[in-house]
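Each chain, written out:
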Amino acid sequence: MTRGSATVFIVDDDAGVLKALTRLIGVHGYQTQSFISPREFLALHDGTLPGCAVFDVSMPDLDGLALQEALSTPGAQRPVIFITGQGDVPTSVRAMKAGAIDFLTKPISDEDLLSAIARAIDQDDADRRNRTELASIEARLATLTPREREVLGHVVAGRLNKQIAGDLGTVEKTIKVHRGRMMEKMGVRAVADLVRMAERAGIPLPQR
């Protein structure tokens, strides 16, 4: 992802700080969207845009931690960087445990903020790739018949066609047909690729 394709969402109830952050981040090649109201941000936030968020921790009505929690819902996720003038250890620990990229205390150096933004955007790019890959795998899994899904589990567990046939009470020839169709629908030729997909999708292995 290039800087120009990433948007940094900035939310701070201090108009002067908001303007300064927007100018600084924009000068370094990022697109910006600035909000002085947390609720305005939530109303206008577009989770499909790649990028990250910079939140002030202490804001009236709705604080930065509540905004971070709001971004944990499907379709809204994005990495968050916190800035604060009154940071304390419990708050920073809570933010970092919830997945914050950084927790910066004012006055903030340009270098520290821009470094955190670069890491946050890299994280957002990786997260989006992972979500896209998982959605693709789940879409392929949805095309399998119940029997093909059973065969998949046994193949991933390392069972041979003859063993799978015995486990499922059928003949080896039938398992070969189900296995071929399953591999075709999943878009793989090697069992190793199938294993990777199954692990990615969290498919439980059959009990022997």
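Residues numbered from 1 in each chain as written. Predicted model: local features only at pLDDT ≥ 70, side-chain atom pairs only at ≥ 80, totals over all residues. Heavy atoms only, no water.

Enquirer: Please provide a residue-by-residue account of the packing of aromatic side chains, values included.
Expert: For the coordinates displayed, the defined rule picks out five aromatic pairs. Where Phe9 meets Phe41, the ring centres are 6.1 Å apart and the plane angle is 70 degrees; that geometry is what we call edge-to-face. Placement of Phe9 in strand β1 (residues 7-11) and of Phe41 in helix α2 (residues 38-44) is noted, with a sequence separation of 32 residues between them. For the ring pair Phe82 and Phe103, a centre distance of 6.0 Å and an interplane angle of 45 degrees mean the geometry is tilted. With Phe82 in strand β4 (residues 80-84) and Phe103 in strand β5 (residues 102-105), this pair connects stretches of sequence that are 21 residues apart. Classification of Phe82 as buried rests on a relative accessible area of 0%. On the accessibility criterion, Phe103 (13% relative accessible area) is buried. (Phe/Tyr/Trp six-rings, centres within 6.5 Å; stacked < 30°, edge-to-face > 60°. Helix = DSSP H or I, 4+ residues; strand = E, 2+ residues; numbered from the N terminus. Buried < 20%, exposed > 50% of the residue type's maximum accessible area, 1.4 Å probe, protein only.)

Enquirer: So what about the environment of Ser136? Which residues, and what values?
Expert: Positionally, Ser136 belongs in helix α5 (residues 110-141). As for Ser136 and Ile10, which are separated by 126 residues in sequence, their C-alpha atoms are 32 Å apart.

Enquirer: Describe the sheet that holds β1, naming the residues involved and giving the relevant values.
Expert: Judged by pairing direction, the sheet is parallel, and its five strands sit side by side in the order β2-β1-β3-β4-β5 without closing on themselves. At either end of the open sheet lies a strand with only one pairing partner, and these are β2 (31-35) and β5. Averaged over all adjacent pairs, the angle separating strand axes in this sheet is 20 degrees, with direction ignored. Pairing geometry for strand β3 (residues 51-56) and β4, over four bridges, is parallel. Across the sheet, residue Ala53 finds its bridge partner in β4, namely Val80. Packed on one face of the sheet, helix α4 (residues 89-97) meets β4 and β5 and runs near 150 degrees to β5. On top of the sheet, α5 reaches β1, β3, β4 and β5; it is set at about 135 degrees to β3, its chief contact. (Pairing = 2+ DSSP bridges. Axes fitted to C-alpha atoms, helices over the stretch in contact; angles between N-to-C directions. Contact = heavy atoms within 4.5 Å.)

Enquirer: Any details on helix α7 (residues 161-168)? Residues and values, ideally.
Expert: When we look at burial in α7, the residues that qualify are Asn161, Ile164, Ala165 and Leu168. In a view along the axis of α7, the buried residues occupy a sector of 100 degrees, so they form one face of it. Among the exposed residues of α7, those oriented more than 90 degrees off its buried face are Lys162 and Gly166. Summarising the contacts, the buried residues of α7 are in contact with α6 (146-156) and α8 (172-186). Downstream of α7 by a residue or two, Gly169 has a phi angle that is positive, lying close to 70 degrees. (Arc of directions from axis to C-beta.)

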